[in-house]
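Survey of secondary and tertiary structure
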Amino acid sequence: DGLRDLMDRLRRERQDRLERSNLGGVYDDIARELDDIVDEERHAIENAVRDAETSGDERRADAARNTAAERNMRLDLLPHDLAGKVSDLSRYDFESAEAQRRFEQMLDRLREQLMQQMVDQMSDGMQNMTPGDMSRMKDMLADLNEMLDKHQRGEDPGFEDFMAKHGDFFPENPENIDELLESIARRMAAMQAMLNSMTPEQRAQLQQLSDQLMEDMDLQWQMQQL
């Protein structure tokens, strides 16, 4: 009953936040820009057919008409939802170089906005860490390094005791030390992939925050050991 009450409260809070957010305006802007890009592409298709028909080359005109019919059909069948439309246009062979350039620029802006949002969320989380949170993290890292050192030497690493004490840091709930190492490796790989996708300014922002946290020399040493 308590879990159901919690889930109901979370759903209500999520709906309240969605209603307070100005998401409609953002989506409307993207939708309008996509519509403009599609219109520009349709005009380019029409111009290509007209140029081919006035060239006097009937084979070129037939090819242009067939290509135009195929492209227009793909544009007609674009999904109505934004995600589906963006996905289909990403695989579409544009006639208009300008429409393709605008579409790619829009994708770049969306990626940067989403990545910036992730950076901002991470920044908030890092900046809001309390001294108690930092202390618990240091204790966990120290125990983790000690456990891994014992494991490397072939000794009993004390995995069960570690998880009993620090299991909340690992929601994957690994059942042994090998699974724990795999989950840590996946996290590191995901973090590296995210860093690679950031702009230099975003990486600098995250590095600055990390440096601020690492002013604690003991925490910095434990991270280096890990």
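A brief report on the enclosed structure follows. All values derive from a computational prediction rather than experimental measurement.

1. Overview of the overall build of the protein chain
Counting its regular elements, the protein chain contains 10 helices and 0 strands. Starting at the N terminus and walking to the C terminus, you meet the elements of the protein chain as α-α-α-α-α-α-α-α-α-α. Counting every position in the protein chain, which comprises 226 residues, the buried fraction comes to 26%. The long-range fraction of contacts in the protein chain, counting pairs at least 24 apart against all pairs at least 6 apart in sequence, stands at 58%. For the protein chain, the exposed area adds up to about 15500 Å²; of that, 49% sits on carbon and sulfur atoms.

2. Overview of the pattern of salt bridges
In this structure the tally under the stated criterion is 18 salt bridges. Of the charged contacts in the structure, one is a salt bridge between Lys150 and Glu146, with a shortest N-O distance of 3.7 Å. Here Lys150 and its partner Glu146 are both found in helix H6 (residues 131-152), 4 residues apart, which amounts to about one turn of the helix. With a relative accessible area of 45%, Glu146 lands in the partly exposed category. Each of Glu53, Glu58, Asp62 and Arg65 takes part in a single network of salt bridges with overlapping partners.

3. Some remarks on the nonpolar core
Membership of the largest hydrophobic core comes to 19 residues, with the highest contact counts inside it found for Leu34, Leu75, Leu89, Phe94, Phe103 and Met106. For this core, the elements supplying multiple residues, two or more each, are helix H2 (23-53), helix H3 (58-76), helix H4 (82-90) and helix H5 (97-127). The element contributing the most residues to this core is H2, with 7 residues. Dropping the residues within four chain positions of it, Leu34 is found in contact with Leu82, Lys85, Val86, Leu89, Phe103 and Met106. Among the nonpolar cores identified, the runner-up in size contains 15 residues, and Met140, Met147, Phe170 and Leu219 belong to it.

4. Re a nonpolar patch on the surface
Among the surface-exposed residues, Leu3, Leu6, Met7 and Leu10 lie close enough to one another that they form a single nonpolar patch of about 360 Å² accessible area. On the accessibility criterion, Leu3 (62% relative accessible area) is exposed.

5. Digging into the environment of Glu172
Following the sequence through the fold, Glu172 ends up in the loop between helix H7 (159-166) and helix H8 (177-197). A residue is classified by how much of its surface remains accessible, and Glu172, at 37% relative accessible area, is partly exposed. Through-space distance from the C-alpha of Glu172 to that of Ile184 is 10.0 Å; in sequence the pair is 12 residues apart. In terms of polar contacts, Glu172 uses its side chain to reach the side chain of Arg187, at 3.0 Å.

6. Observations regarding the side chain of Ser183
With respect to the helices, strands and loops of the structure, Ser183 is situated in helix H8. Look at Ser183 and you get buried, because its relative accessible area is 1%. Aside from chain neighbours lying at most four places away, what touches Ser183 is Phe170 and Glu172.

7. Considerations on the side chain of Arg71
Looking at the secondary structure, you find Arg71 in helix H3. The buried category is assigned to Arg71, whose relative accessible area is 13%. Within polar-contact distance, the side chain of Arg71 engages the side chain of Glu95 at 2.5 Å. Those residues in contact with Arg71 that sit more than four places away from it in its chain are Glu41, Ile45, Tyr92, Asp93, Phe94 and Glu95.

8. Notes on H8
Across its 21 residues, H8 extends 30 Å between first and last C-alpha, which sits within 8% of the 30 Å expected from 1.5 Å per residue. Considered for burial, the residues of H8 that qualify are Ile177, Leu180, Ser183, Ile184 and Met194. End-on, the buried residues of H8 take up no more than an arc of 125°, which puts them together on one face. For H8, the exposed residues lying more than 90 degrees away from the buried face are Arg186 and Asn196. Near the N-terminus of H8, the side chain that reaches the backbone nitrogen of Asp178, with its oxygen 3.1 Å away, is that of Asn176.

9. Topic: the packing of H6 against H8
One way to put it is that H6 packs onto H8 with a least axis distance of 12 Å and a crossing angle of 125°. In terms of their interaxial angle, H6 and H8 are classed as oblique. Where H6 crosses over H8, the two elements pack in a sense that is left-handed. Of the residues in H8, those in contact with Leu144, Met147, Leu148 and His151 of H6 are Ile177, Asp178, Leu180, Leu181 and Ile184. Residues belonging to the contact of H6 with H8 are distributed by class as follows: 7 nonpolar, 1 polar and 1 charged.

What counts and what doesn't
- Residues numbered from 1 in each chain as written.
- Predicted model: local features only at pLDDT ≥ 70, side-chain atom pairs only at ≥ 80, totals over all residues.
- Heavy atoms only, no water.
- Helix = DSSP H or I, 4+ residues; strand = E, 2+ residues; numbered from the N terminus.
- Buried < 20%, exposed > 50% of the residue type's maximum accessible area, 1.4 Å probe, protein only.
- Contact = heavy atoms within 4.5 Å.
- Areas by Shrake-Rupley, 256 points an atom, 1.4 Å probe, with all protein chains shown as cover.
- Salt bridge = Lys/Arg side-chain N within 4 Å of Asp/Glu carboxyl O.
- Core = buried A, V, L, I, M, F, W, Y, C linked by side-chain atoms within 4.5 Å.
- Patch = residues over 30% accessible without salt bridge, like charges linked within 9 Å, V, L, I, M, F, W, Y side chains within 5 Å.
- Polar contact = N/O pair within 3.5 Å; in protein donor to acceptor, adjacent residues only side chain to side chain.
- Expected span 1.5 Å × (residues − 1).
- Arc of directions from axis to C-beta.
- Axes fitted to C-alpha atoms, helices over the stretch in contact; angles between N-to-C directions.
- Parallel < 35°, antiparallel > 145°, perpendicular 65-115°, else oblique.
- Left-handed = near helix turned anticlockwise from the far one by under 90°.
- Nonpolar A, V, L, I, M, F, W, Y, C, P; charged D, E, K, R; others polar.

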